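Notes for the structure review
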Amino acid sequence: MATVTPESPDTAHAPEQHAHPTDWLYVKVAIALALLTAFEVFTYFETVHGWGDTAIIIMLVLMMLVKFFLVVAFFMHLKFDAPIFWRLFVFGLILAMAVYMVMLTAFRFW
């Protein structure tokens, strides 16, 4: 026969706790964001690298996606929240990217 122990009032309705990241992790994420931003700025100097417009757009979109993930996951704490919030943000990102690609195509930027 199993015995049931009553829960204390403090833990009966306590929200789930998650491991909060350290300050050093936030510093590393900020450094990564700064480096990505510096590389994005570098892509504007077309005379330095001479890459084509399509390559630059693809690189900028990829860097934008990485930066979006880092900001949303760590600074907005979605990495540690319920999965529904993460799914909503990913859906919004996919929708925004689809609209952006349609806009690029409509204005014949490709």
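In what follows, the structure referred to is the one given above.
All of the points below concern the structure found in this document. Computed from a predicted model, the values in this text were never measured in an experiment.

What follows is about the packing of aromatic side chains. Applying the stated criterion across every chain yields a total of four aromatic pairs. With a centroid separation of 6.3 Å and 40 degrees between ring planes, the pair formed by Phe 68 and Phe 89 is classed as tilted. On the criterion of sequence distance, the pair formed by Phe 68 in helix α4 (residues 53-75) and Phe 89 in helix α5 (residues 83-106) is long-range, its members being 21 residues apart. With a relative accessible area of 26%, Phe 68 lands in the partly exposed category.

This part takes up the pattern of salt bridges. Taken as a whole and assessed by the stated rule, the structure comprises one salt bridge. Two residues, Glu 40 and Lys 67, come together in a salt bridge whose shortest N-O distance is 2.9 Å. In this pair, Glu 40 is assigned in helix α2 (residues 23-42) and Lys 67 in helix α4, connecting sequence segments 27 residues apart.

The rules we used
Along each chain, numbering runs from 1 in the same order as the chain's sequence is written. Two thresholds apply to this predicted model, a pLDDT of at least 70 for residue-level local features and 80 or more for giving and counting side-chain atom pairs, whereas whole-chain, interface and lining totals are computed over all residues. Side-chain descriptors were evaluated using all non-hydrogen atoms of the structure, hydrogens and water having been removed beforehand. Two rings belonging to Phe, Tyr or Trp (six-membered ring only in the last case) form a pair when the distance between their centres is within 6.5 Å. Interplanar angles under 30 degrees mark stacking, angles over 60 mark edge-to-face geometry, and anything in between is tilted. A run of H or I in DSSP counts as a helix once it spans at least four residues, and a run of E counts as a strand once it spans at least two, with each numbered from the N terminus. When a residue's accessible area, from a 1.4 Å probe over protein chains only, is under 20% of the maximum for its type it is buried; when over 50% it is exposed; and in between it is partly exposed. Between Lys or Arg on one side and Asp or Glu on the other, a salt bridge is scored when a side-chain nitrogen of the former is within 4 Å of a carboxyl oxygen of the latter.

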